[in-house]
Amino acid sequence: MSIPTLESIPTPPPSSSSSPKNPFHPALAVTNIKNHIPIVLELENVQFGTWVELFKIHARSHKVLHHIIPPAPGMETTTLATDDEKELWTTLDATVLQWIYSNISSDLLATIIEPDSTAMEAWNRLTNIFQDNQDARAVTLEQKFSSIRMEDFPTASAYCQRLKMISDQLKNVGAPVSNQRLVLQLVSGLTDAYKGVGTLIRQSNPLPQFYQARSMLTLEEAGLIKMAATGAQAAMIAAQPKDLTEASYSTDNRDGKKNSN
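Residues numbered from 1 in each chain as written. Predicted model: local features only at pLDDT ≥ 70, side-chain atom pairs only at ≥ 80, totals over all residues. Heavy atoms only, no water.

Run through the packing of aromatic side chains, naming residues and quoting values.
This structure, assessed with the given rule, holds six aromatic pairs. Ring geometry for Trp51 and Trp123: centres 5.8 Å apart, planes at 25°, overall stacked. Placement of the pair is Trp51 in helix H1 (residues 48–61) and Trp123 in helix H4 (residues 119–131), with a sequence separation of 72 residues. Take Trp51 and Trp123: they sit in the same class, and that class is buried. Measuring from centroid to centroid gives 6.4 Å for Phe55 and Trp99, while their planes differ by 65°, and the two rings are edge-to-face. (Phe/Tyr/Trp six-rings, centres within 6.5 Å; stacked < 30°, edge-to-face > 60°. Helix = DSSP H or I, 4+ residues; strand = E, 2+ residues; numbered from the N terminus. Buried < 20%, exposed > 50% of the residue type's maximum accessible area, 1.4 Å probe, protein only.)

Shown next as structure tokens:
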């Protein structure tokens, strides 16, 4: 893919806020990109599809999407004729490049950083990294997905979040997980305490959506926690008379021994 040069750059129409008549640009007002894109892209914890979508939305809303994605054929372009226009484009491109570098891991940064790189060049290098070896990544993620068990997580929400995250990663590498498989994997990994709700989900026809199954699971968890707390309180109350009797008996024995002496 050819990279635009400063002599002929796709830019917004003259009426946009990047016009020389109004040199202020909304992208220059962003002080902390992580407030807008909270995900840090990492090679091991792949959330590339989500990260890309958030980044594109942010770039579009700040009128700099053309710095990472070439405009569609036939879209209006403007030649950067004046020094001010060229300087603004260079400043905006450096801003977008800074956004990219600030929202990736140090390993990825070391991999893609190049002297005098444009934002689009860095974007393309990132894309190539995550699109290479998709089949190998899919095999690894499939193994992770199939081995997820609820007993390895502190809460039902954490368990469901892990399932959803791995399924999203599989989608990103071209191996999407259907709702049916996602729900069935959720059920198959449940602990014995959740067998009842698991049977209810499995016997539903059609199977519920994943978010519905997740809600059923978290409600069951809340009920089990409440039941456990009630049982512990009842056991404590039941044990109190026995403890008091034993304490009274011990006191009476000590008093009796003292009197006999």
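Still more to cover.
Residues and numbers for unusual backbone geometry, please.
Between Asn205 and the following residue, Pro206, the backbone shows a cis peptide bond with an omega angle of 5°. Residue position: Pro206 is located in the loop between helix H8 (195–202) and helix H9 (210–260). You will see that Lys63, though not glycine, has its phi angle at about 60°, which is positive. Note on placement: Lys63 falls in the loop between H1 and helix H2 (83–102). Look at Asp116: it is not a glycine, yet its phi comes out positive at around 55°. Tracing the sequence through the fold places Asp116 in the loop between helix H3 (106–112) and H4.

Please provide a residue-by-residue account of helix H6 (residues 156–172), values included.
Taking 1.5 Å per residue as the helical rise, H6 with its 17 residues ought to reach 24 Å, and the 25 Å between its terminal C-alpha atoms agrees with that figure. Of all the residues in H6, the buried ones are Ala156, Tyr159, Cys160, Leu163, Ile166, Ser167, Gln169 and Leu170. The positive-phi residue at the C-terminal boundary of H6 is Gly174, with phi of around 85°. (Expected span 1.5 Å × (residues − 1).)

Any chance you could break down the environment of Gly189 for me, citing the residues and the numbers?
Positionally, Gly189 belongs in the loop between helix H7 (179–188) and H8. Taking the C-alpha atoms as reference points, Gly189 and Asp152, 37 residues apart in sequence, are found 9.9 Å from one another. Beyond its immediate chain neighbours, meaning those up to four positions away, Gly189 contacts Ile148, Arg149, Met150 and Tyr159. (Contact = heavy atoms within 4.5 Å.)

Tell me about the packing of H1 against H2, and name the residues and values.
The geometry of H1 relative to H2 is characterised by a closest axis approach of 12 Å and an angle of 155° between their N-to-C directions. One element, H1, and the other, H2, form an angle in the roughly antiparallel class. Regarding H1 and H2, the two cross each other, and that crossing is right-handed. Only Val96, Trp99 and Ile100 of H2 make contact with H1, whose side of the interface consists of Phe55, His58 and Ala59. Residue classes in the contact of H1 with H2 are distributed as five nonpolar, one polar and no charged. (Axes fitted to C-alpha atoms, helices over the stretch in contact; angles between N-to-C directions. Parallel < 35°, antiparallel > 145°, perpendicular 65-115°, else oblique. Left-handed = near helix turned anticlockwise from the far one by under 90°. Nonpolar A, V, L, I, M, F, W, Y, C, P; charged D, E, K, R; others polar.)

Lay out the side chain of His66 in plain terms, naming residues and giving numbers.
The topology assignment puts His66 in the loop between H1 and H2. The buried category is assigned to His66, whose relative accessible area is 15%. A polar atom in the side chain of His66 sits 3.4 Å from the side chain of His67. (Polar contact = N/O pair within 3.5 Å; in protein donor to acceptor, adjacent residues only side chain to side chain.)

Explain the nonpolar core residue by residue, including any values.
Core analysis: the largest hydrophobic core is formed by 29 residues, its most contacted members being Leu41, Trp51, Phe55, Ile68, Trp99, Ile100 and Leu126. Looking at this core, the elements that each hand over two or more residues are H1, H2, H3 and H4. Considering every element that reaches this core, the biggest residue donor is H2, with seven residues. Every residue in contact with Ile100, bar those within four places of it in the chain, is listed here: Phe55, Ile68, Ile112, Ala119, Ala122, Trp123 and Leu126. Counting 26 residues, the second largest nonpolar core, distinct from the first, contains Met150, Ala156, Leu207 and Ala213. (Core = buried A, V, L, I, M, F, W, Y, C linked by side-chain atoms within 4.5 Å.)

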